[in-house]
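Given next are the chains, with one letter for each unit.
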Amino acid sequence: MTEAAELPEAPAVAREVFGERFPDAVRYAELLADAGVRRGLIGPREVPRLWERHLLNCAVLSEAIDEGVSVCDVGSGAGLPGIPLALVRPDLTITLLEPLLRRTTFLTEVVELLGLDHVTVVRGRAEEVLGKLPPVHVVTARAVAPLERLAGWGVPLLRPYGEMLALKGDTAEEEVKAASAALSKLGAVSTSVVQVGEGVVDPLSTVVRVEVGESPGGVRFATKKAKAARARRRR
Ligand SMILES: C[S@@+](CC[C@H](N)C(=O)[O-])C[C@H]1O[C@@H](n2cnc3c(N)ncnc32)[C@H](O)[C@@H]1O
């Protein structure tokens, strides 16, 4: 039997990043390292790097998000980046969107245990909840799908002039190029690659920021809406 990897002590910078929520960040890291691994939500090899690669890497996404906005974390999995973000940003209203029951059960337990009153867990696929959830200012996502597919799911969930923030690795620039036509069709008015986490994580966290105009979801969305409106008028 392989021995369970031990959760390392939190790096000093984690105290600064999580502030008064530091004990809750430790509790979350322990839950991921224990129940998260046992229930197959996170690989055992991730445990030694839970702080740097997961909690801190996700918490620094906060730098790219305005005060008091609504956020939907698409494909939240075991709560990344949604839970670290919720710990550092009590001003946000956060929805953790995840289709798999095993994962939403874990997310609900974490939210209750850590008393995250500004977080709601929703079970579903992004493309299925469209029109059922209130549109949000910001969609976040990490490791869910290549940018083009992710944008097709995430951008339609945005309010006019909202933005999608996708945590990506070295492939960020390439993915932006590959997705550029699809992003325009979806109503993106600006796409950029930004880095966050100076002084906290090394390497810095890379974020693809997709800003939309007044019609998130673009032509497809507008056409669908127009069709529905025409059908209603005919009835
Ligand atoms: C590789 S995991 C990443 C989880 C987490 N974001 C992280 O970084 O650890 C991808 C997650 O996306 C979810 N997912 C896949 N397709 C989805 C969709 N269409 N809408 C919402 N979530 C989806 C999966 O169930 C899974 O939990």
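Residues numbered from 1 in each chain as written. Predicted model: local features only at pLDDT ≥ 70, side-chain atom pairs only at ≥ 80, totals over all residues. Heavy atoms only, no water.

Per an unreviewed UniProt entry, the recorded name for the protein chain is Ribosomal RNA small subunit methyltransferase G, and the organism is Streptomyces albidoflavus. Turning to the protein chain, the UniProt annotation filed under Function (unreviewed entry) states: "Specifically methylates the N7 position of a guanine in 16S rRNA." As stated in UniProt under Subcellular location (unreviewed entry), the record for the protein chain gives "Cytoplasm". (UniProt positions renumbered as here; feature names shortened; annotations may be inferred.)

S.K.: I'm lost on the site of the ligand in this one. Help?
M.R.: Near the ligand there are 16 residues, and of these Gly 75, Leu 80, Glu 98, Arg 103 and Arg 142 occur at the shortest range. Gly 75 has a polar backbone atom sitting 2.8 Å from a nitrogen atom of the ligand. Glu 98 places a side-chain nitrogen or oxygen 2.6 Å from an oxygen atom of the ligand. Here the ligand, which alone exposes 590 Å², has 80% of that area covered by the protein. Here the shell around the ligand is built from residues that sort into eight nonpolar, three polar and five charged. (Near = heavy atom within 4 Å. Polar contact = N/O pair within 3.5 Å; in protein donor to acceptor, adjacent residues only side chain to side chain. Areas by Shrake-Rupley, 256 points an atom, 1.4 Å probe, with all protein chains shown as cover. Nonpolar A, V, L, I, M, F, W, Y, C, P; charged D, E, K, R; others polar.)

S.K.: Could you clarify how one ought to interpret helix α5 (residues 101-113) in this entry?
M.R.: Given 3.6 residues to a turn, an α-helix orients residues that are three or four positions apart in the same direction. Across its 13 residues, α5 extends 18 Å between first and last C-alpha, which sits within 8% of the 18 Å expected from 1.5 Å per residue. Buried within α5 we find Thr 104, Phe 106, Leu 107, Val 110 and Val 111. The buried residues of α5 occupy an angular sector of 160° when projected down its axis, which confines them to one face. Downstream of α5 by a residue or two, Gly 115 has a phi angle that is positive, lying close to 60°. (Helix = DSSP H or I, 4+ residues; strand = E, 2+ residues; numbered from the N terminus. Expected span 1.5 Å × (residues − 1). Buried < 20%, exposed > 50% of the residue type's maximum accessible area, 1.4 Å probe, protein only. Arc of directions from axis to C-beta.)

S.K.: Explain the side chain of Ser 62 to me, please; I cannot follow it from the model alone.
M.R.: With respect to the helices, strands and loops of the structure, Ser 62 is situated in the loop between α3 (50-59) and β1 (70-74). On the accessibility criterion, Ser 62 (15% relative accessible area) is buried. If we skip the residues at most four places from it in the chain, Ser 62 touches Leu 85, Val 88 and Arg 89. (Contact = heavy atoms within 4.5 Å.)

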